[in-house]
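What follows is the residue order along each chain.
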Amino acid sequence: MIPFVDLVAQYRSIAAEVDAAFHEVTASAEYILGARVQRFEQEFAQFVSAEHAVGVGSGLDALRLGLLALGVGAGDEVIVPANTYIATALAVSEIGADVVLVDCEADTPNIDPVATEAALTPRTRAFLPVHLTGLAVDLQPFLDLAARAGIEIVEDAAQAHGARWNGRPCGSIGTIGCFSFYPGKNLGAYGDAGLTTTNDADLAERLRRLRNYGERRKYEHTVKGVNSRLDGLQAAFLSVKLPHLHAWNTARVRHAQMYASELDGVGDIVLPRITDDGTHVYHLFTIRTANRDALRDSLTERGIQTGIHYPIPIHLQEAYADLGLGVGAFPNAEALARETISLPMFPELTAAQIDTVVGAIREFFESGRRR
Ligand SMILES: Cc1ncc(COP(=O)(O)O)c(C=O)c1O
């Protein structure tokens, strides 16, 4: 069996460090916020070259609290790509603002700047570009539009820890950057966790209060906040893992290069496009084929796990039926949902496992099983 992601293999490679961190936290009983959270926030801020980092309970909360801290709310519109994990859209809905969906580019899974400009209205308060699959969005058109129209950029970097655009770390370019440490992410916790980054000290202070019941000092509440705090154990685990991230991302890039060179020209496969000014940290290695479902079935039969990111674009989700957008609204996102398949990708993947996956894909196309 070749798993899609192997979190046990990763834990084994750092078990002694992780176990020591667990014992340190339990010995200090500092479970909620505290010194380890502060330490990880500083380390992560430095990692993404941001001045402030505020740890929260999840990637969804990073987005939700980020928008709240900016004062976005009822009556405002936020532009979100139609193909993303639903959290990006839910963050906007949860704070009472309106989700305005736009299509992705034809040849990347990332938000289309031309469609974004066309969707602007006087009510647009923020753009939510998502560095999907780990590929940095070309942010220049968004920065230009934002500057011209007074709009905030909130980067969804949940899949892009360590990716760069024009040499700058993703998550440090917009007004706020949002990260998820869901266990399978490039930097993953051992439970739910997330974080926001910003260079604005006032915004950072607002985020700190919002995540902790709106508290300024103990039992003094200045705003109606929530309980969404990065906890001490997760912060300690993340501090152990962060120094390994560069090597893990490098391994992912190496695996991607191997997949790409071995799958080039096989069947009707379209490989992920590399952009000129953005790097790719391959949270996901996705290929496209008109034979996606049959290929996936064939790989499953051979014990090769794959994923689909994502099978249903936001506008076709039942939860967003109220948008009144049917099939045909976003052709690029819909084609991607039909054709995309994500192959096994994790740092500990071996060359032999990649060969097995590639061999199975070649055989599928050579055997004529495709429809
Ligand atoms: C693009 C994107 N945005 C937001 C999220 C939400 O993160 P979390 O699951 O930590 O809430 C995820 C991942 O789950 C994601 O992939």
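Below is a short write-up of the structure. (Residues numbered from 1 in each chain as written. Predicted model: local features only at pLDDT ≥ 70, side-chain atom pairs only at ≥ 80, totals over all residues. Heavy atoms only, no water.)

## Describing the pattern of salt bridges
Next, step 1: Within this structure, the stated rule accounts for 17 salt bridges.
Next, step 2: A salt bridge links Glu-117 to Arg-148; the shortest N-O distance between them is 3.6 Å. A residue pair is termed long-range when its members are at least 10 positions apart, and Glu-117 in helix α6 (residues 113-118) and Arg-148 in helix α7 (residues 140-149) qualify at 31 residues.
Next, step 3: The class for Glu-117 is partly exposed, based on a relative accessible area of 40%.
Next, step 4: The exposure class assigned to Arg-148 is exposed, which follows from its relative accessible area of 61%.
Next, step 5: Beyond isolated ion pairs, a larger network of salt bridges with shared partners links Glu-24, Glu-30 and Arg-36. (Salt bridge = Lys/Arg side-chain N within 4 Å of Asp/Glu carboxyl O. Helix = DSSP H or I, 4+ residues; strand = E, 2+ residues; numbered from the N terminus. Buried < 20%, exposed > 50% of the residue type's maximum accessible area, 1.4 Å probe, protein only.)

## Thoughts on the layout of surface pockets
Next, step 1: One number sums up the size of the largest pocket: a volume of about 600 Å³.
Next, step 2: Surrounding the largest pocket, 32 residues form its lining, Tyr-85, Ser-180, Tyr-182, Lys-185 and Tyr-310 being those nearest its centre.
Next, step 3: Secondary-structure elements contributing two or more residues to the lining of the largest pocket are α4 (59-69), α5 (86-94) and β8 (176-180).
Next, step 4: Top element by residues in the lining of the largest pocket is α5. It accounts for four residues.
Next, step 5: Per-class residue counts for the lining of the largest pocket are 19 nonpolar, 10 polar and three charged. (1 Å grid on protein atoms, 1.4 Å probe; cavity = no way out; pocket = protein on both sides within 12 Å on 5 of 7 lines; lining within 4 Å. Points joined across faces, edges and corners; volume = space filled by probe spheres on them. Nonpolar A, V, L, I, M, F, W, Y, C, P; charged D, E, K, R; others polar.)

By themselves, these figures tell us nothing about what the structure is for.
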